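Observations on the three-dimensional arrangement
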Amino acid sequence: MGCCGGEEGSARQWKPLEQRSCTDVLWLLILILFCIGMAVICGFAIASGAAQRLVYGYDSYGNICGQKNTKVGGKEQSGLDHTNNKYVFFLDPCNLDTVTFKIKSKALCVAKCPETALNTLKELQNFAFNDGSKLCDYKLKPEDYTSRSVGLCPKLPVKPSKPIPFFHRCVPDGIGCFVNFIKALTTFVSDNSVLQRVITGVMTSKEIIVGLCFLSLVLSMLLMVVIRYISRVLVWILAILTILGSIGGTAVLWWLYADGKKSAADGKKSAKEKLIEDPEIAEDNVKALLVYAIVATVVTVILLLLMLIMRKRVALTIALFHVAGKVFVHIPLLVFQPLWTFVALVLFWTYWVAVLLLLGTAGYPEKTTDDNIEFRMSGPLQYTWIYHLVGLIWISEFILACQQMTVAGAVVTYYFTRDKNKLPTTPILSSICRLIKYHLGTVAKGSFIITLVKIPRLILMYIHNQLKGKENAVAKCMLKACMCCLWCLEKCLLYLNRNAYVATAINSTSFCTSARDAMLILIENALNVAAINTVGDFVLFLGKVLIVLITGIIGIVLLNHQRDYTVWVLPLIIVCLFAFFVSHCFLSTYEMVVDVLFLCFAVDTKNNDGSPGHEYYMDKSLMEFMDNSRKAMRSASGREAELKSMLLEDPP
C-alpha cells in the first residue's frame, strides 16, 4: 500500500506533515478481508446458478426458462427443454406474499407474454394455437383447456402483460397489482379507492416530479455557487428570502384552499362546466390544502420566532462564511463532492441489491408445501444475508467517511498554506491521493464504529415494528428510549469522527489519537463551538428550507392544474422530500468546510501567537471574526459588571 514507518514521532506538531505515515493499517486489512468475504458470497451465488435463475427466471418445477434443463428434486415436469420458452408467466400474478416478497402462484415458462386481455378459456386456446405460447400447465394440451382445469390455467381474465427488460418476467400492465401489494403492506389505508387515486396521482404527475427533482438539484448547486460570491451578505439574504418564502408559501396555500373550496362547491352544481370527473378527488385536494396551510402557518411562526432570537448572533457568522466562500473559490471541485459520493453510493447499492437478489435465488432445490420447487440455502449459508447486510452499512459509512476525509484534507491544505498561490493544482485530487496512500485504515475504523452503533438501533427498530400493537406500555417506552439513546450516541460519534478525520488530515495520527486531540481542542473552545455550530447550522438549515420552499411553491402551481383529475398530495410530498435530501447533501459539504476551518483555527491559535517564528496561518477575515466576537463578549461583560456595581452602590 506504499506505507511504512511508525505512526508518529515523540514530538508531534499541529500542522500538515510533509513526511506522513500510515494510520490504522490493521483496520484497513480487516476491511479488505471483509470485502473479500462479500466477494466470496457473490461468487457462491453465481456459481450455484443463481445468476441464471435471477436473469432468465425459473418455473415452479425448477426449470430455468430459455435453456435445456436437467431433472431436479425428482419432479415429473422438471428437466424440460425451454429453449423457445424464454419468459416466466404467473397464473395469478396479483397474489403477493408481503412477508417473503414473492408471488404465491404457479410459474410457467412461456414463449410469449399475452399482450391483450384474455377473458375466456377459448381465447387461451387461440393464443396457444396462434402464438405458440401455452399459458396452462405443461401436462395440459391446448385442446384440454376446459372448466375442469382450475388451478392448472391462469386466473381469468388474464390481464395484458409485458416482459421486464433483462429479467424475462411477464408483468401485468397497470397498477392494480401494485395497489394490492401496497394495501397489504399498510394498515392505515382502509379505502382502496383513495389509495388507487393517490398512486394514480403519482403516475400521472411523474414528468412533473422528475422535473421538480431536477430543479432542486440545480437550485442546490446554484446556491453553492452563490455562496462563493455573496458570502458576506449570504446570511441576511437567506434569512430574508426564507421569511418571505415561508410567508408567501403560506399565503398561496390559504388562497388555493379558498379557491379549491369554492371550486369544489361550484363543481357539485355544474360538473360539466368545471370538468370534474370525480368530486371526491376535489374534496381530497381541499382537505390536503387545509392541512398544508395549517402546517405552513405553524412553520412560518416558528421560523419568525427563531430569527428574532438568533438575530444578534447571525452577524458573528458572516466572517466565517466569508472564509468558507474563499475555500470554494480556490477549490471549486468541492462543489461536486456530493455528486461523486452519490455516484459511488449508487454503484455500491446497485451491486449490493444485485447480490441480494442472487442470494434470494441461490441454494439447492427443495419441495415446498404446495409441491413446487424452490431454491433455498441450508446450514450456515442461510445466514449469509446478515453478513451482506452488515456490509451494506459498513461500506456505505466508509464511502461517506472517505468524502469527509477528502474534504478535510483539501481544506487543511488550503488553511495551512500561507501563500495561496502555491496551493496544489487540484487540492481535492491531492487529498484523495493522501487518503488512499495513508489513511484508509483510519476511515475504515471510524466507519466501523458508526456501524456498531447503527446495527443495534436498526435491530430495535425492527423489533418495535414487529411488536407494534402487541407490546405493553412499559416495553414500548423502553424500546423508544433505547432507540433514542442510540440515535443520540450515533450523532455524537458522527461529529467526533468528522473532527477526528480533520485531526488526522492535519497531523497524520491514528483514529483514536486524532479523536482525543480533536476532543481536547473542542472542549477548550466549547463556547465558540456552540456559537458557530448553532448559528452556522441554523443558517444552512435556512438554505435547505429556501430550496424546499421554492421547489414546493413551483410544484404547487404545476400540480394545481391537475387537481380536478388526480390527487397530488403524494407527488408534492415526494418532491419536497427529494429537494430537502439534495439540498442537505450539498450544504452538508459547506457545513463540513466551516467545521474544518474552525478546528484549524483553534489549532492555529493554540500553537501560534503571531510573534516572529510563530505567525498565524489564518485568513485576515477569520481574525476579524474572532476579534469581533471577543469585543462583543467584552462589551457584554462590561455592561454586566457596570450593572452589578450600580446595584451594589448605596443609595444617596
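Reading guide: rules and limits
Residues numbered from 1 in each chain as written. Predicted model: local features only at pLDDT ≥ 70, side-chain atom pairs only at ≥ 80, totals over all residues. Heavy atoms only, no water. Helix = DSSP H or I, 4+ residues; strand = E, 2+ residues; numbered from the N terminus. Buried < 20%, exposed > 50% of the residue type's maximum accessible area, 1.4 Å probe, protein only. Contact = heavy atoms within 4.5 Å. Areas by Shrake-Rupley, 256 points an atom, 1.4 Å probe, with all protein chains shown as cover. Arc of directions from axis to C-beta. Axes fitted to C-alpha atoms, helices over the stretch in contact; angles between N-to-C directions. Parallel < 35°, antiparallel > 145°, perpendicular 65-115°, else oblique. Patch = residues over 30% accessible without salt bridge, like charges linked within 9 Å, V, L, I, M, F, W, Y side chains within 5 Å. Salt bridge = Lys/Arg side-chain N within 4 Å of Asp/Glu carboxyl O. Disulfide = S-S within 2.5 Å. Core = buried A, V, L, I, M, F, W, Y, C linked by side-chain atoms within 4.5 Å. Phe/Tyr/Trp six-rings, centres within 6.5 Å; stacked < 30°, edge-to-face > 60°. pLDDT = per-residue confidence, 0-100. Left-handed = near helix turned anticlockwise from the far one by under 90°. Nonpolar A, V, L, I, M, F, W, Y, C, P; charged D, E, K, R; others polar. Pairing = 2+ DSSP bridges.

Helix and strand counts for the protein chain come out as 17 helices and 8 strands. Taken across its 652 residues, the protein chain has 45% of its residues classed as buried. Counting contacts in the protein chain only where the partners sit at least 6 residues apart, residues at least 24 apart contribute 72% of the total. About 34,000 Å² of surface is accessible on the protein chain, with carbon and sulfur atoms providing 66% of the total.

Among the residues of helix α3 (residues 121–131), those classed as buried are L124, Q125, F127 and A128. Looking straight down α3, one finds its buried side chains confined to an arc of 160°; they lie on one side. α3 presents K122, F129 and N130 as exposed residues on the side facing more than 90 degrees away from its buried surface.

Further remarks concern the packing of helix α10 (residues 337–361) against helix α11 (residues 384–415). Any two packed helices are characterised by the angle at which their axes cross and by the distance between the axes. For the pair α10 and α11, interaxial distance at closest approach is 10 Å and the crossing angle is 170°. Taken together, α10 and α11 sit at an angle that is classed as roughly antiparallel.

Turning our eyes to something else, we now look at a nonpolar patch on the surface. On the surface, a cluster of nonpolar side chains totalling about 730 Å² of accessible area is made up of V25, L26, L29, I30, I32, L33, I36 and V40. Checked against the element boundaries, V25 lands in helix α1 (residues 25–47).

Per the counting criterion, the structure on display carries 3 disulfides. At a sulfur-sulfur separation of 1.9 Å, the disulfide partner of C113 is C170. Here C113 and C170 share a disulfide; its torsion about the S-S bond, -80°, makes the bridge left-handed. Of this pair, C113 sits in the loop between β4 (107–110) and α3 while C170 sits in strand β6 (residues 170–172); the two residues are 57 residues apart in sequence, bridging distant segments of the chain. Each member of the pair, C113 as well as C170, is classed as buried.

Bringing the nonpolar core into the picture now. One finds L334, Y590 and V593 to be the most contacted residues of the largest nonpolar core, which totals 50 residues. Broken down by secondary-structure element, the contributors of at least two residues to this core are α6 (206–229), α9 (279–330), α11, α13 (473–507), α14 (511–524), α15 (526–560) and α16 (569–607). Ranked by the residues each element gives to this core, the list is headed by α16, at 15 residues. Discounting chain neighbours no more than four positions away, the residues touching V593 are A324, V327, F328, L334, V407 and V411.

Once that is clear, we can look at the environment of G37. Along the chain, the position of G37 falls in helix α1. Residue G37 is classed as buried on the basis of its relative accessible area of 17%. A sequence separation of 347 residues divides G37 from T384, and the C-alpha atoms of the two residues are 9.9 Å apart.

The subject of this paragraph is the pattern of salt bridges. With the rule as written, the count across this model stands at 8 salt bridges. Close ionic contact of D131 with K112 constitutes a salt bridge, the shortest N to O distance being 3.0 Å. Of this pair, D131 sits in helix α3 while K112 sits in the loop between β4 and α3; the two residues are 19 residues apart in sequence, bridging distant segments of the chain. The partner of E490 in a salt bridge is R457, and the shortest N-O contact between them spans 3.0 Å. On the criterion of sequence distance, the pair formed by E490 in helix α13 and R457 in helix α12 (residues 427–466) is long-range, its members being 33 residues apart. The exposure class assigned to E490 is buried, which follows from its relative accessible area of 4%. Using a relative accessible area of 14% as the deciding quantity, one classes R457 as buried. Salt bridges sharing partners connect three or more residues here, namely E397, K454, R457 and E490.

The next point concerns the packing of aromatic side chains. Under the defined criterion, the tally for this structure stands at 9 aromatic pairs. With a centroid separation of 6.4 Å and 55° between ring planes, the pair formed by Y501 and F511 is classed as tilted. Placement of the pair is Y501 in helix α13 and F511 in helix α14, with a sequence separation of 10 residues. Note on accessibility: Y501 and F511 belong to one class, buried. Linked through ring pairs, W27, F34, Y387, W394 and F448 together constitute an aromatic cluster.

With an omega of -5°, the peptide bond running from L156 to P157 counts as cis. Note on placement: P157 falls in the loop between α3 and β5 (161–163). Its identity as a non-glycine residue notwithstanding, D24 has a phi of 55°, on the positive side. Among the structural elements, D24 can be located in the segment before α1. We classify D24 as buried; its relative accessible area is 12%.

Next up on the list: the confidence of the model for the protein chain. The predicted coordinates ought not to be read in detail in places where the model reports low pLDDT. Confidence in the prediction for the protein chain averages 78 pLDDT; 76% of positions are at 70 or higher. Mean pLDDT across the elements of the protein chain bottoms out in helix α8 (residues 271–274) (46) and peaks in α11 (92). Note that residues 1–12 has pLDDT below 50 and, in this model, 25 contacts with residues that lie over four places away or in other chains. Every residue in residues 181–195 scores below 50 in pLDDT, and together they form 12 contacts with partners more than four places removed in sequence or on other chains.

Two numbers describe how α11 lies on α13: the axes approach to 9 Å, and their chain directions differ by 45°. When the interaxial angle is binned, α11 and α13 end up oblique. Taken as a pair, α11 and α13 cross one another with a handedness that is right-handed. The segment α11 lies against α13, with E397, A401, Q404, M405, A408, G409 and V412 engaging L494, R498, Y501, V502, T504, A505 and I506. Within the contact of α11 with α13, the residues separate by chemical class into 9 nonpolar, 3 polar and 2 charged.

Quick look at the side chain of T413 now. Turning to its location among the elements, T413 is positioned in helix α11. Contacts of T413, omitting those with residues within four sequence positions, involve L423, P424 and R434.

Only one face of strand β8 (residues 373–376) is covered, namely the one carrying I373 and F375; the face carrying E374 and R376 has none of its residues buried. Of the strand pairs in this sheet, strand β7 (residues 364–367) and β8 are connected by 4 bridges, and their pairing is antiparallel. Residue pairing for β8: K367 is matched across the bridge by I373.

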